Amino acid sequence: MKHLFIVLDGIDGNGKTTQALLLQKYLEKKGIKVFHTSEPTEGQHGKMIDDLLRQKLAGRIKKEKWIELFTQDSKEHQRKIQDNLNSEITVICDRYIYSTLTYQLEEKDWQSYISGFIKPDIIFILDVPIKIAIERIKQKYNKTREKKSYFEKQGVLTKVRKQFLKLPTFLDHNIKIIDSNRSEKEIFKDIKKEIDLLMNSSES
Ligand code: TYD
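It should be emphasised that the depicted structure is a prediction, and the values quoted were computed from it without experimental measurement. (Residues numbered from 1 in each chain as written. Predicted model: local features only at pLDDT ≥ 70, side-chain atom pairs only at ≥ 80, totals over all residues. Heavy atoms only, no water.)

Engineer: Account for the packing of aromatic side chains, naming residues and giving values.
Structural biologist: For the structure on display, the rule yields 11 aromatic pairs. Geometrically, the ring pair formed by W66 and F70 is stacked, given 5.9 Å between the ring centres and 25° between the ring planes. Of this pair, W66 and F70 both sit in helix α3 (residues 63-86), separated by 4 residues, roughly a single helical turn. Like W66, the residue F70 is buried in the burial classification. When the ring of W66 is compared with that of Y150, the centres are 6.1 Å apart and the planes differ by 15°; the resulting orientation is stacked. Here W66 is found in helix α3, whereas its partner Y150 is found in the loop between α6 (130-144) and α7 (154-170), with 84 residues between them in sequence. With relative accessibility at 3%, the residue W66 sits in the buried group. A cation over a ring is seen here: K75 above F117, with NZ or CZ 4.3 Å from the ring centre. (Phe/Tyr/Trp six-rings, centres within 6.5 Å; stacked < 30°, edge-to-face > 60°. Helix = DSSP H or I, 4+ residues; strand = E, 2+ residues; numbered from the N terminus. Buried < 20%, exposed > 50% of the residue type's maximum accessible area, 1.4 Å probe, protein only. Lys NZ or Arg CZ within 6 Å of the ring centre and 35° of its normal.)

Rendered as structure tokens:
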């Protein structure tokens, strides 16, 4: 069975981490080795980003600086992703370059930006209405009591959601938009179907 590079992406509060974990379990049950990772990473730049996102001064950081930080973090991450793929380990990545495209960049820059990065076998964009996402974000913070992250605002997420939905028309990548305003089980059924198809096609 072929090892795959799988990405789950989309706006904050869309439930991608839950689906990534379900997918990891599903693949591991089949005896497939999985490396579950995420961007921002736990690396030097990822930690810096995570810290900045929860500080008041986040609003004073210029767009160019965010692009620089997210890009450095993604670049550092490439090696780890490639090493795992080379060792025939399936990689599940929670957010990838598509977040930088949609949160920070304009459409005209998308094509050139992606050219330096490993192309995933499949990308799931989990799409939810903004109201649902905001509600989930609220619930998360009520539970965890963590500080709110800078981009988790209605205005930002409304714009970013539109950008995510544009990705399939702009990029020649295997992007699947998944209606995620449904139960976890129903969403996972769609993801599983796509993954099974991909695995079967790579076997033949
Ligand atoms: P993340 O830690 O994935 O948040 P969560 O796990 O809550 O979904 O991402 C942190 C924030 O950073 C999130 O609001 C999306 C944003 N982000 C960008 O703006 N650009 C990027 O390139 C990436 C990877 C994330």
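Text resumes after the structure shown.
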